[in-house]
Amino acid sequence: MLRIAVQAKGRLHEETMRLLEESDVKLSLAKRTLLVQSSNFPLEVLFLRDDDIPQSVATGVADLGIVGENEFAEKQEDARIVKRLGFGQCRLSLAIPKNIEYTGLGWFEGKKIATSYPSILKDFMERNGIHAEIHVITGSVEVAPSIGLADSIFDIVSSGSTLVNNHLKEVEVVMHSEAVLVASKSLPQEKEAVLAELLFRMEAVKAAENKKYVLMNVPNARLEEVIGILPGMKSPTVMPLAQEGWSSVHTVLDEGCFWEIIRQLKAFGAQGILVLSIEKMIV
Ligand code: ATP
Ligand code: MG
């Protein structure tokens, strides 16, 4: 039985649970307990605060964890990142009051910086030879400059609206972050095997994200042109329709280029275009 530590509530909770569900790990979450066993996969889920996830994995309380890379980097615990999960994207940035002129990193020399990420900040300042005073606060870092607690902040930014609301401007991006799957440095062989299966499933889920399965009817005379604009696949599936002179073409399209290609397909005479979501894709 493999044990995975996940955020009990907060910004990563929902996407984490969805990833497990889409990987067909069934969990009965009716009554909220600290530890929940899957009914169909050798996995149990331990619900923690995100701050505690890196240490729980490093000490072997859990075998795996899903946590923000920022939190993992800050805690400097002894564990390995096995997969970047593509959600919970944000960055850790330095920000200063918006009406102050920024003159480059040297601006921070001798300044007071409020943050919940002291070790990442300390590393960054040391690497750049800047001596700043780091002031640790655990919540509402963004208000520190306006109440005179610090000259600037080092904090999580995603849309930037929190900064704007607090009359701050982002001046340096120190780290990009997303949710990561982390694992204990060494796992017994049977646990590694369960991890490999879990990874295989997660990859199938991830591969299918932003992909659509597209079916359409195409006049045979235009088949070559249609096939010519379908990207990426080894080859589309082409099957004759009952109606003479027509074929059914099946392919997989990326959401990014989807509308552009559909428009061209229509121009080439494709009809009855059906678009389906893909649950999993094993490439
Ligand atoms: P906990 O109660 O588990 O300690 P928390 O309040 O420390 O939760 P959250 O605000 O839930 O943490 O954020 C968890 C993680 O989500 C962050 O560490 C970061 O990796 C990620 N994240 C993504 N976007 C944002 C954002 N806009 N603001 C804050 N965190 C974000
Ligand atoms: Mg936290």
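Residues numbered from 1 in each chain as written. Chains lettered and ligands numbered in written order. Predicted model: local features only at pLDDT ≥ 70, side-chain atom pairs only at ≥ 80, totals over all residues. Heavy atoms only, no water.

### A short note on the overall build of the protein
Next, step 1: For the protein, the count of helices and strands is 8 helices and 15 strands.
Next, step 2: Taking 19 Å as the expected radius of gyration for a compact globule of 283 residues, we find that the protein reaches 25 Å, considerably beyond that expectation.
Next, step 3: Seen through its principal axes, the protein has C-alpha atoms that stretch 80 × 50 × 35 Å.
Next, step 4: Counting the 283 residues in the protein, one finds 45% classified as buried.
Next, step 5: Within the protein, one finds 30 positive and 38 negative side-chain charges whose respective centroids are separated by 3 Å. (Helix = DSSP H or I, 4+ residues; strand = E, 2+ residues; numbered from the N terminus. Rg over C-alpha atoms; globule rule 2.2 N^0.38 Å. Buried < 20%, exposed > 50% of the residue type's maximum accessible area, 1.4 Å probe, protein only. Lys, Arg positive; Asp, Glu negative; His and termini not counted. Charge placed at Lys NZ, Arg CZ, Asp CG, Glu CD.)

### A look at the coordination of the magnesium ion (ligand 2)
Next, step 1: Coordination of the magnesium ion (ligand 2) by the protein involves Asp50 (OD) and Asp51 (OD), with metal-donor separations of 2.1 Å.
Next, step 2: The partly exposed category is assigned to Asp51, whose relative accessible area is 27%. (Donors = N, O, S within 2.8 Å, 3.2 Å for Na, K, Ca; no water.)

### Re the domain arrangement of the protein
Next, step 1: Split by domain assignment, the protein resolves into domain 1 (2-87 + 178-207), domain 2 (90-177) and domain 3 (210-277).
Next, step 2: Taken over C-alpha atoms, the centre of domain 2 sits 50 Å from the centre of domain 3. (Domains from an automatic or database assignment.)

### Description of the pattern of salt bridges
If charged atoms from side chains of opposite charge come close, those side chains can pair.
Next, step 1: For the structure shown, the criterion picks out 20 salt bridges.
Next, step 2: Between Arg84 and Glu69 there is a salt bridge, and its shortest N-O distance comes to 2.6 Å. Highlighted residues: Arg84 in strand E5 (residues 79-84) and Glu69 in helix H3 (residues 69-75), separated in sequence by 15 residues.
Next, step 3: According to the relative accessible area criterion, Arg84 is partly exposed, its value standing at 41%.
Next, step 4: The residue Glu260 makes a salt bridge to Arg263 at a minimum N-O spacing of 3.0 Å. Taken together, the residues span about one helical turn, with Glu260 and Arg263 both in helix H8 (residues 258-267) at a distance of 3 residues.
Next, step 5: Overall, the relative accessible area of 40% leaves Glu260 in the partly exposed class. (Salt bridge = Lys/Arg side-chain N within 4 Å of Asp/Glu carboxyl O.)

### Details of the pairing of strand E9 (residues 152-157)
Next, step 1: Among the 6 residues in E9, 5 count as buried, and that is most of the element.
Next, step 2: Taken together, the 5 bridges between strand E6 (residues 90-97) and E9 define a ladder with antiparallel strand orientation. Note that in E9 the partner of Ser93 across the bridge is Asp155.
Next, step 3: Bridging between strand E7 (residues 112-115) and E9 involves 3 bridges; their strand directions are parallel. The partner of Ile113 across the bridge, within E9, is Ser152. (Pairing = 2+ DSSP bridges.)

### Notes on the site of ligand 1
Next, step 1: Of all residues adjacent to ligand 1, which total 16 residues, the nearest are Arg11, Asp50, Asp51, Asn70 and Ser158.
Next, step 2: In this structure, Gln7 approaches ligand 1 through a side-chain N or O atom, which is 2.9 Å from an oxygen atom.
Next, step 3: Separating a nitrogen atom of ligand 1 from a side-chain N or O atom of Ser158 is a distance of 2.5 Å.
Next, step 4: Surface burial for ligand 1 is 77%, taken as the share of its 630 Å² of free accessible area covered by protein chains.
Next, step 5: In terms of residue class, the shell around ligand 1 is built from 4 nonpolar, 7 polar and 5 charged. (Near = heavy atom within 4 Å. Polar contact = N/O pair within 3.5 Å; in protein donor to acceptor, adjacent residues only side chain to side chain. Areas by Shrake-Rupley, 256 points an atom, 1.4 Å probe, with all protein chains shown as cover. Nonpolar A, V, L, I, M, F, W, Y, C, P; charged D, E, K, R; others polar.)

### Side note on the sheet that holds strand E15 (residues 271-277)
Next, step 1: Ordered by their spatial adjacency, 4 strands build an open sheet running E13-E14-E12-E15, and the pairing between neighbours is antiparallel. Bordering the open sheet on either side are strand E13 (237-240) and E15, each of which pairs with just one other strand. Between one strand axis and the next, the sheet turns through 20° on average, direction left out of account.
Next, step 2: Where strand E12 (residues 211-219) lies against E15, 5 bridges are found, and the strand directions are antiparallel. Each bridged residue has a counterpart across the sheet, and for Val214 the counterpart in E15 is Val275. (Axes fitted to C-alpha atoms, helices over the stretch in contact; angles between N-to-C directions.)

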